[in-house]
Amino acid sequence: MKLAFTLSIKNIFGAKLRTFLNVFVLSFSFVVIIGLKGVMDGWDDQARRDSINWQFGQGQLIHEDYDPLDSFTILDGKGLIPENISGLTPILVHQASIYPQGRMLGATIKGIDLSQKSVLLPTKALINSKYNYPVIIGKRMAESSKLSIGDEVLIRWRDKNGTYDANRITVVDIFDSNVPAIDSGQIWMSIETLWQITGLNNQASFFIADKNYKHKPINFWKFNSQEELLKPISDLVAQKNGSQSVIYFLLLTIALLAIFDTQVLSVFRRQSEIGTYIALGMTRQKVIGIFTFEGSLYSVLALILATIYGFPLLAWFADVGFAVPPADQKMGIPIADTIFPIFGLKLVFGTIFLVLFASTVVSFLPTRKISKLDPILALKGKKQ
Amino acid sequence: MSKGYPIGGKTFMALKNLTISFNEGEFAGIVGPSGSGKTTLLNIIGSLDKPTQGEAIVLDQNISDLTHKKAAYLRNINIGFIFQVFNLLPVYTVYENVEFALLLQQYSGKERKKAVMEALDWVGLTSHANKKPDKLSGGESQRVAIARAMVKRPKILLADEPTANLDSENAHEILSTMKKLNKELKTTFLFSTHDEKVMGYLDRTIHLRDGNIEKDIIKKS
Ligand SMILES: Nc1ncnc2c1ncn2[C@@H]1O[C@H](COP(=O)(O)OP(=O)(O)O)[C@@H](O)[C@H]1O
Ligand SMILES: [Mg+2]
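Basis of the calculations
- Residues numbered from 1 in each chain as written.
- Chains lettered and ligands numbered in written order.
- Predicted model: local features only at pLDDT ≥ 70, side-chain atom pairs only at ≥ 80, totals over all residues.
- Heavy atoms only, no water.
- Helix = DSSP H or I, 4+ residues; strand = E, 2+ residues; numbered from the N terminus.
- Rg over C-alpha atoms; globule rule 2.2 N^0.38 Å.
- Buried < 20%, exposed > 50% of the residue type's maximum accessible area, 1.4 Å probe, protein only.
- Contact = heavy atoms within 4.5 Å.
- Near = heavy atom within 4 Å.
- Polar contact = N/O pair within 3.5 Å; in protein donor to acceptor, adjacent residues only side chain to side chain.
- Areas by Shrake-Rupley, 256 points an atom, 1.4 Å probe, with all protein chains shown as cover.
- Buried area = accessible area lost by both parts, 1.4 Å probe.
- Salt bridge = Lys/Arg side-chain N within 4 Å of Asp/Glu carboxyl O.
- Nonpolar A, V, L, I, M, F, W, Y, C, P; charged D, E, K, R; others polar.
- Pairing = 2+ DSSP bridges.
- Axes fitted to C-alpha atoms, helices over the stretch in contact; angles between N-to-C directions.
- Domains from an automatic or database assignment.
- Phe/Tyr/Trp six-rings, centres within 6.5 Å; stacked < 30°, edge-to-face > 60°.
- Lys NZ or Arg CZ within 6 Å of the ring centre and 35° of its normal.

A.B. asks: Just give me the short version of the overall build of chain A, but keep the residues and values in it.
C.D. replies: Helices and strands together make up the secondary structure of chain A, namely nine helices and 13 strands. In terms of overall size, chain A is more extended than a compact globule, its C-alpha atoms giving a radius of gyration of 31 Å where 384 residues would be expected to give roughly 21 Å. Out of the 384 residues in chain A, the part that is buried amounts to 50%. In chain A, once contacts between residues fewer than 6 apart in sequence are set aside, the share between residues at least 24 apart is 77%.

A.B. asks: Let's hear about the site of ligand 1: which residues, and what values?
C.D. replies: In the vicinity of ligand 1 there are 13 residues, among which Gly35, Gly37, Lys38, Thr39 and Thr40 of chain B approach most closely. The local environment of ligand 1 is shared, drawing residues from chains A and B. Gly37 of chain B is positioned with one of its backbone polar atoms (N or O) 3.1 Å from an oxygen atom of ligand 1. A distance of 2.6 Å separates an oxygen atom of ligand 1 from a polar side-chain atom of Thr39 of chain B. Within the complex, 72% of the 560 Å² of free accessible area of ligand 1 lies under protein. Elements with a minimum of two residues in the shell around ligand 1: β1 (3-7), β2 (10-15) and α1 (38-45) of chain B. Looking at the shell around ligand 1, the element that brings in the most residues is α1 of chain B, giving three residues.

A.B. asks: Help me get a handle on the interface of chain A and chain B, residues and values and all.
C.D. replies: In this assembly, 22 residues from chain A lie in contact with 24 residues from chain B. Overall, the association of chain A and chain B removes approximately 2100 Å² of surface from exposure, summing both partners, and the carbon and sulfur fraction of that is 68%. Of all residues in chain A, the largest losses of buried area upon contact with chain B belong to Lys10, Leu280 and Ile376 of chain A, amounting jointly to 29% of the total for that side. On inspection of chain A and its partner chain B, the count reaches one salt bridge. Counting every contact that joins chain A to chain B gives three residue pairs in polar contact (both at pLDDT 80 or more). Secondary structure elements with two or more residues in the side of chain A that touches chain B: α1 (2-14), α6 (271-279), α7 (284-320) and α9 (375-380) of chain A. Residues belonging to the side of chain A that touches chain B are distributed by class as follows: 10 nonpolar, six polar and six charged.

A.B. asks: Got a sec to walk through the pairing of strand β6 (residues 79-82) of chain B? Specific residues and values, please.
C.D. replies: All names here are of chain B. On β6, burial covers both faces: Ile79 and Phe81 on one face and Gly80 and Ile82 on the other are all buried. Across four bridges, the pairing between β6 and strand β7 (residues 156-160) is parallel. Residue pairing across strands places Phe81 opposite Leu158, the latter belonging to β7.

A.B. asks: Could you give an account of the sheet that holds strand β3 (residues 27-31) of chain B, naming the residues involved and the relevant values?
C.D. replies: Residue and element names in this part refer to chain B. Pairing in this open sheet of six strands is mixed, and the strands run β6-β7-β8-β3-β9-β10 from one edge to the other. The open sheet has two edge strands with one neighbour each: β6 and β10 (212-218). Strand-to-strand twist across the sheet, computed as the mean angle between neighbouring axes with direction ignored, equals 15°. Pairing of β7 with strand β8 (residues 188-193), which is carried by five bridges, proceeds in the parallel orientation. Bridged to Ile156 within β8 is Thr188.

A.B. asks: Please give an account of the side chain of Asn22 of chain A that cites residues and values.
C.D. replies: All names here are of chain A. In this structure, Asn22 sits in helix α2 (residues 16-56). Residue classification places Asn22 among the buried positions, given a relative accessible area of 4%. When near neighbours in sequence (up to four residues on either side) are disregarded, Asn22 contacts Ala258, Ile259, Thr262 and Tyr298.

A.B. asks: Tell me about the domain arrangement of chain A, and name the residues and values.
C.D. replies: Residue and element names in this part refer to chain A. We note that the domain assignment places domain 1 (2-52 + 231-379) and domain 2 (60-224) within chain A. The gap between the C-alpha centroids of domain 1 and domain 2 is 51 Å. If you look at the interface, domain 1 gives 11 residues, while domain 2 gives six residues. Surface buried jointly by domain 1 and domain 2 totals about 530 Å² across both partners, of which 45% is contributed by carbon and sulfur atoms. Inspection of the region where domain 1 meets domain 2 yields one residue pair in polar contact (both at pLDDT 80 or more). Looking at side-chain class alone, the side of domain 1 that touches domain 2 contains six nonpolar, three polar and two charged residues.

A.B. asks: Could you give me a rundown of the packing of aromatic side chains, with the residues and numbers involved?
C.D. replies: All names here are of chain A. Per the stated rule, a full pass over the model turns up 16 aromatic pairs over all chains. The interplanar angle of 20° and the centroid separation of 6.4 Å between the aromatic rings of Phe24 and Phe28 together place this pair among those described as stacked. Here Phe24 pairs with Phe28, and both are found in helix α2, just four residues apart, close to one helical turn. The partly exposed category is assigned to Phe28, whose relative accessible area is 39%. Among the aromatic residues, ring-to-ring pairing joins Phe20, Phe24, Phe28 and Tyr309 into one connected group. Taking the ring centre of Tyr164 as reference, the NZ or CZ of Arg156 above it sits at 4.2 Å. A cation sits over an aromatic face here: Lys383 above Phe268, 5.5 Å from the ring centre.

So this is what it looks like as structure tokens:
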């Protein structure tokens, strides 16, 4: 081992420029892969946290006929609030149209219990309002409907008998959330007001659970745990992550090709050295081991270099975050203006392991030639 | 034994059915013109090659039967090589080049140091221990090679035209060094050479021509 180590160090530092290039490219891959993956992990974490805080709470109890992703289920997907339940915030979903500046816009009214503490929606702003029909909307909705705080807008809906009714609602607050699902096309008002204007007294489409909720099976309602609700988000992030793998793959390929190339050249040029090792009584396996070790040493040096410049760089990156281009924010999944990357142990050590492993394999492959080398020709300096 | 090389569908016989034995502690040389089979013979004795017919028995081991690993072990412990082109490891210092042979064996650090310094002393290069091979003259390089081959005190030392790249002064110096080591350590020395200067030092001269032994002359002492 001492032998392999000293020999490799000496050889590697003998070829300074080549070594530097190999090590630099590889260290660059380390930093970029960890950086990009960190952004993804940070996004995943932020999206989960925002979704929990704004939308999912500790899980949702949903009417068995209601599918949040299918607006055709809104009409039938509701029922009377069961008795003796606790730790649940009822929400009734109802369809409506609003007419800002004469345009017609489809909207979903969500009536919510104003005293709720399950999610961050600023429902308190609706309590004791001086307006008859106060509502809150999110910044996306405000932007698409061009509504500001204090604006009145005409709203039209059908009551429980299917008869059209209309009134004027007033925007009393605009909240800033990263979760499009509770924002785009959504209008939040008191559930009691919604009961009153629709006649759907005491009905709800779903409930948001808080920490006090203990689930027991209950007729007509099904419970979706927090994890189940979050799954599509994590799946989407994972999918994005997958498409980014192309970048990792290219980077690693370039770095590994450089090592591979160095190794091929090294085995070719150093044939008389290899012959000498064999003549001195080294087994071919040991010679292969030395050359492989030498190649994989590049990744160790790259790791050291990556730590030197990558650690402060990534630490700074984690601090200032990654500004998301506005276009990306229009995706249907929660995404903040700035994502703060998270560099977890699993990510860092996983990447290190991957790069070390791959570079060792790539270092090994060209050295297999050594086992076929004729030591006599090698000693004579004849290239094989 | 015989050794044939396949060349374009035919076999070229580099060694033709020759029989020879060497005695322990001998200082013997195989002499003959270029292409006569000297290197081939030494390589077989050194277990780097195998005869195609017959047997080569080295230290009670049949070379043809050795696996790669067994052959490596034989060379590691019992056989030292000296080459025409020195073949020092360029990234190592003189000291490390000599130490290298011991790193393949189970020596403690202290034993290694003692053995390496002693070997450098044999060849008069203790003061060059920290130099790199590219800072050495040809004669010095070959002396390092001798130290590297002898540091493990092998039973057999094989030197393939060791003086071919040296001037006559260096050639004489190297030969007297080897002769001295042969006396002190009882190592068997086998040379290949077509250098007249070498022949004067040999106790036994085996003349090879076209893969056959022409003459085998033992000098009376
Ligand atoms: N690998 C080989 N393939 C074919 N012919 C070889 C090979 N090695 C040596 N020879 C031939 O065998 C003969 C003896 O070679 P060698 O032992 O190197 O001679 P010497 O060392 O006496 O000059 C030469 O004619 C040489 O061309
Ligand atoms: Mg020869």
